[in-house]
Amino acid sequence: SEGIHSVAIYGCGVLGEDVYAEIRKNIEVKYFIDRNANRIKKEIPVYSLEDKLPEADGIIITLFEETEKIKNKLRNHFSGKIFILKNWLKMNDEE
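Rules behind the numbers
- Residues numbered from 1 in each chain as written.
- Predicted model: local features only at pLDDT ≥ 70, side-chain atom pairs only at ≥ 80, totals over all residues.
- Heavy atoms only, no water.
- Buried < 20%, exposed > 50% of the residue type's maximum accessible area, 1.4 Å probe, protein only.
- Helix = DSSP H or I, 4+ residues; strand = E, 2+ residues; numbered from the N terminus.
- Pairing = 2+ DSSP bridges.
- Right-handed = clockwise from strand over helix to strand, strands pointing away.
- Contact = heavy atoms within 4.5 Å.
- Axes fitted to C-alpha atoms, helices over the stretch in contact; angles between N-to-C directions.
- Arc of directions from axis to C-beta.
- pLDDT = per-residue confidence, 0-100.
- Core = buried A, V, L, I, M, F, W, Y, C linked by side-chain atoms within 4.5 Å.

## Some points on the pairing of strand β4 (residues 58–61)
Both faces of β4 are covered, namely the face carrying Gly58 and Ile60 and the face carrying Ile59 and Ile61. Across four bridges, the pairing between strand β1 (residues 6–10) and β4 is parallel. Following the sheet pairing, Val7 is matched in β4 by Gly58. Across four bridges, the pairing between β4 and strand β5 (residues 81–84) is parallel. Across the sheet, the residue bridging to Ile59 is Ile82, located in β5. Handedness of the β4-helix α2 (residues 67–75)-β5 crossover: right-handed.

Have a look at this one:
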């Protein structure tokens, strides 16, 4: 998307990994965010919502449950764009 050069991914599960593998060729993925951050090791940093989140142009929420709740929590820590993957998939599915 225009103006988006770096993102973070919320959710370190299978879907988060798939999104990471797919977009990292074209966009810098700076870090993951996950509520179990202290137990997860990835090739890029993993933060929790309690951490100070580094700068990024956007965050992609890859979870399908409680997305609005997560988005509201992210708003307390992050001023960039927040994308909800399930909404984006639904939009593209309707075309």
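## Some details on the sheet that holds β1
Read across the sheet, five strands follow the order β3-β2-β1-β4-β5 without closing on themselves; strand pairing throughout is parallel. The open sheet terminates on both sides in strands that have one partner only, identified here as β3 (46–47) and β5. Relative to β5, α2 is tilted by about 165°, and along the sheet it contacts β1, β2 (28–33), β4 and β5.

## Description of α2
Taken as a whole, α2 has its buried residues at Thr67, Ile70 and Leu74. The arc enclosing the buried residues of α2, seen along the axis, measures out at 65°, which places them on a common side.

## Things to note about the environment of Gly16
Its place among the elements puts Gly16 in helix α1 (residues 14–23). Each C-alpha atom, one on Gly16 and one on Asp34, is 10.0 Å from the other, the two residues being 18 residues apart in sequence. Beyond its immediate sequence surroundings of up to four residues, Gly16 is in contact with Ile9, Gly11, Phe32 and Thr62.

## So, the confidence of the model for the protein chain
In this model, the protein chain carries a mean pLDDT of 90, and residues with pLDDT of at least 70 account for 91%. Averaged pLDDT values over the elements of the protein chain bottom out at 71 in helix α3 (residues 85–93) and peak at 97 in β2.

## Topic: the nonpolar core
Core analysis: the largest hydrophobic core is formed by 15 residues, its most contacted members being Val7, Ile9, Tyr20, Val29, Phe32 and Val46. Within the residue set of this core, elements represented by two or more residues are β1, α1 and β2. Discounting residues that sit within four places of it in the chain, Phe32 has contacts with Ile9, Gly11, Cys12, Gly16, Glu17, Tyr20, Lys42, Ile44, Pro45, Val46 and Tyr47. Residues Leu53, Ile59, Ile61 and Ile70 belong to the second largest nonpolar core, which totals 14 residues.

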